[in-house]
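Spelled out from the first residue to the last, the chains are:
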Amino acid sequence: DVRIGVLALQGDVREHFAVLTGLGAEAVTVRHPAELAAVDGLVLPGGESTTMAKLAVRTGLLEPLRDAVRGGLPVYGTCAGLVLLAERLLDAPPDQPTIGGLDVTVRRNAFGRQAESFESPVPLAGVPGGPLSAVFIRAPWVEEAGPQVEVLGRVGGGPADGRIVAVRQGAVVATSFHPELTGDTRVHRLFIHMVRTSARRRAQCAT
Ligand code: GLN
């Protein structure tokens, strides 16, 4: 079966790890380029994107991560992971590098001080079974999305009504919120399915 890495520089690595293994996938931590080279898919956890970006540079992972995403490795980013996947950032230190892969402009800490953390139902395209209970923690949102980007979910109601909080572009999927904290495994199952499909396709191409 497939092996899914969790970028383990900082953030809620353990929670993603638990969800993936609970769903029967093999999960491994990724801290070095050699570990990245051995996975069929990668999760970028929530945490602090500025710190993660710095650590990615220091560990020599940033360029390999960019190459992997460009090469079609399936990647799922939550919260800080969404920030790392954005091509363009707002409200970030000007020198904060990203991996890219999503043709989006992401605003960090977008929901403001009033909403350090909150929970809200978000229906997700391609995820049946009703809206997800989305947990937002100092969350970013997608301020603008390019034409190749599929918008999967938006906030419904409140001051952030209509803001984009879930997107997909090819093999890259990202959410502003944290399904790994809620016990609702539907997004992880969708991602594991993407990884399996991609691994099967790669295997066919190799023969
Ligand atoms: N505010 C954090 C950042 O921009 C993300 C918060 C989170 O991942 N829960 O990196």
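The protein chain is annotated in an unreviewed UniProt entry as Pyridoxal 5'-phosphate synthase subunit PdxT from Geodermatophilus amargosae. Looking at the Subunit (unreviewed entry) heading of the UniProt record, one finds this comment for the protein chain: "In the presence of PdxS, forms a dodecamer of heterodimers. Only shows activity in the heterodimer." Within the UniProt record for the protein chain, the comment given under Sequence similarities (unreviewed entry) is "Belongs to the glutaminase PdxT/SNO family."

Quick look at the UniProt feature "active site" (unreviewed entry) in the protein chain
UniProt marks Cys79, His178 and Glu180 with the feature "active site" (unreviewed entry), using the numbering shown here. Spanning 102 residues, the named residues form one tight spatial group whose C-alpha atoms are at most 11.0 Å apart. Take Cys79: there are 30 C-beta atoms within 10 Å of it, and that puts it in the buried class. Residues contacting Cys79, with those up to four places away along its chain left out, are Gly46, Ile137, Ala139, Pro140, Ser176, Phe177 and His178.

Some thoughts on helix α6 (residues 186-206)
Because the α-helix completes a turn every 3.6 residues, residues three or four places apart line up on one side. An ideal rise of 1.5 Å per residue puts 30 Å on 21 residues; α6 measures up with 30 Å between its terminal C-alpha atoms. Burial in α6 covers these residues: Val187, His188, Phe191, Ile192, Met194 and Val195. Projected down its long axis, α6 shows its buried positions confined to an angular sector of 155 degrees, all on one face. Of the residues in α6, the exposed ones pointing more than 90 degrees away from the buried face are His193, Arg200, Arg201, Ala203 and Gln204.

Section: the site of the ligand
Close to the ligand lie Gly46, Gly47, Glu48, Ser49, Cys79, Ala80, Val83, Arg108, Asn109, Ile137, Arg138 and Pro140. Counted by class, the shell around the ligand contains 5 nonpolar, 4 polar and 3 charged residues.

Observations concerning the UniProt feature "binding site: L-glutamine" (unreviewed entry) in the protein chain
As annotated by UniProt and renumbered to match this structure, "binding site: L-glutamine" (unreviewed entry) occupies Gly47, Glu48, Ser49, Arg108, Ile137 and Arg138. Sequence-wise these annotated residues cover 92 residues; spatially they are packed, their C-alpha atoms never more than 12.8 Å apart. Note on placement: Gly47 falls in the loop between β3 (41-44) and α3 (49-58). Accessibility expressed as a C-beta count within 10 Å gives 21 for Gly47, which makes it buried. Ignoring anything within four residues of it in the chain, the contact list for Gly47 reads Gln10, Gly11, Asp12, Met52 and Ala80. Positionally, Ser49 belongs in helix α3. The exposure class of Ser49 is buried, given the 30 C-beta atoms found within 10 Å. When neighbours within four sequence positions are excluded, Ser49 is seen to be in contact with Ala80, Val83, Leu84 and Arg108.

Reading the values: rules and limits
Each chain has its residues counted from 1, running along the sequence as written. The predicted origin of the model limits local features to residues at a pLDDT of at least 70 and limits the giving and counting of side-chain atom pairs to 80 or more, whereas totals for whole chains, interfaces and linings rest on all residues. UniProt positions are given in the numbering used here, feature names are shortened, and annotations may be inferred rather than shown by experiment. Between the buried cut of 20 or more and the exposed cut of 12 or fewer other C-beta atoms within 10 Å of a residue's own C-beta lies the partly exposed class, and all C-beta atoms are placed from the backbone. Here, residue contact means that the backbone-derived C-beta atoms of the two residues sit within 7 Å. A run of H or I in DSSP becomes a helix once it reaches four residues, and a run of E becomes a strand once it reaches two; helices and strands are each numbered from the N terminus. Here the expected span of a helix is defined as 1.5 Å times the quantity of residues minus one. Picture the helix axis, draw a direction to every C-beta atom, and the arc is the one those directions span. To decide nearness, the C-beta atom of each residue is placed from the backbone, and the residue is near a molecule or strand if that atom lies within 6 Å of it. Only Asp, Glu, Lys and Arg are considered charged, only Ala, Val, Leu, Ile, Met, Phe, Trp, Tyr, Cys and Pro nonpolar, and every remaining residue, Gly among them, polar.

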